[in-house]
Amino acid sequence: MLEVGLVMLQGSRRAHEVAIQAACDLTNTPVSIRELRSLGDLISGGLDAVILPGGESTTMRIVGGEGGTGLLGPLYSIMRENSEMPVLATCAGTILLADPQDGGDPIISAEVDRNAWGRQIDSFIGPVAVENVNNPLQCAFIRAPRFTDARNSSVIATLDGEPVGVRENNRIALTFHPELSGTTIFHEMLIEAAMSVQRGTTA
Ligand code: GLN
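First things first, this report covers the structure right here in the doc. (Residues numbered from 1 in each chain as written. Predicted model: local features only at pLDDT ≥ 70, side-chain atom pairs only at ≥ 80, totals over all residues. Heavy atoms only, no water.)

1. Here we look at the site of the ligand
Taken together, Gly54, Gly55, Glu56, Ser57, Cys91, Ala92, Ile95, Arg114, Asn115, Ile142, Arg143 and His177 make up the full set of residues near the ligand. Protein coverage of the free-state accessible area of the ligand, which is 300 Å², stands at 97%. Split by residue class, the shell around the ligand holds four nonpolar, five polar and three charged. (Near = heavy atom within 4 Å. Areas by Shrake-Rupley, 256 points an atom, 1.4 Å probe, with all protein chains shown as cover. Nonpolar A, V, L, I, M, F, W, Y, C, P; charged D, E, K, R; others polar.)

2. Focus on helix 2 (residues 57-64)
Buried within helix 2 are the following residues: Ser57, Met60, Arg61 and Gly64. Along the axis of helix 2, the buried residues cluster in a sector spanning 100°; they form a single face. You can read the cap of helix 2 off the contacts: a side-chain oxygen lies 3.0 Å from the backbone nitrogen of Thr58, and it is on Glu56. (Buried < 20%, exposed > 50% of the residue type's maximum accessible area, 1.4 Å probe, protein only. Helix = DSSP H or I, 4+ residues; strand = E, 2+ residues; numbered from the N terminus. Arc of directions from axis to C-beta. Polar contact = N/O pair within 3.5 Å; in protein donor to acceptor, adjacent residues only side chain to side chain.)

3. Thoughts on the environment of Glu179
Assignment of secondary structure puts Glu179 in the loop between strand 11 (171-174) and helix 5 (185-199). Ignoring anything within four residues of it in the chain, the contact list for Glu179 reads Ser12, Ala15, His16, Ala19, Thr90 and His187. In terms of polar contacts, Glu179 uses its side chain to reach the side chain of Ser12, at 2.7 Å. Side chain to side chain, Glu179 and His177 meet in a polar contact 2.7 Å long. (Contact = heavy atoms within 4.5 Å.)

4. Details of helix 1 (residues 13-26)
The first and last C-alpha atoms of helix 1 sit 20 Å apart over 14 residues, in line with the 20 Å expected at 1.5 Å per residue. Burial in helix 1 covers these residues: His16, Ala19, Ile20, Ala23 and Cys24. The buried residues of helix 1 occupy an angular sector of 130° when projected down its axis, which confines them to one face. Relative to its buried face, helix 1 has exposed residues pointing more than 90 degrees away, namely Val18, Asp25 and Leu26. (Expected span 1.5 Å × (residues − 1).)

5. Some words on the sheet that holds strand 2 (residues 31-36)
Across the sheet, nine strands lie side by side as 2-1-3-4-11-10-9-6-7; this open sheet has mixed pairing. In this open sheet, the two strands that pair with only one neighbour each are strand 2 and strand 7 (137-141). With direction set aside, neighbouring strand axes in the sheet form an average angle of 25°. Sheet topology places strand 9 (residues 154-159) next to strand 10 (residues 162-168); five bridges connect them, and they run antiparallel. Bridge pairing links Ala157 to Gly165 in strand 10. Across the face of the sheet, helix 1 comes into contact with strand 1 (2-7), strand 2, strand 3 (49-52) and strand 4 (87-90) while running at roughly 165° to strand 2. Packed onto the sheet, helix 3 (residues 72-81) meets strand 1, strand 2, strand 3, strand 4 and strand 11 and runs at close to 135° relative to strand 3. (Pairing = 2+ DSSP bridges. Axes fitted to C-alpha atoms, helices over the stretch in contact; angles between N-to-C directions.)

Written as structure tokens, this is what we have:
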């Protein structure tokens, strides 16, 4: 049984719940989804993976910061202390990992520029080429960030040759929203990583 933490501060949460459940069904992986809202949701420990949805990073920082539910700082600490912990971040979630603003190190080394495709009206659906997937996936870029430096990451997804998805050990960070496109490929990667950690087969 995998215990997957889903950050519920704001944004595209329910679609991730559907996607992770679908990915677990596809791979016959029993899963329990733990909704993460506040520090108290972390106390019992035991998370096998974490999903940070997209939405609005400023709002997430306010809602989940020290003046709010207090979730984010301790969650970042757990990720820093568990370098193998599988994490899937999309869009605003990727911004938080690249720039946690809690005084600690970034959780991913890739750097991002917020809203770099333009304003909300400039949002688009584009063909994302994914590592080991034959055909491009049509995915939504919603006031998305852009990677400005992904040199130290492994690039797992591109749009017109530009990195839009990176992987660093078991941390997967995307600038788009696969959960809104009906694909479960990235959630399957997360599950596979979590299963590998459970089996003790990752470095
Ligand atoms: N523009 C948002 C931000 O800066 C991210 C958009 C998204 O997650 N779809 O946080």
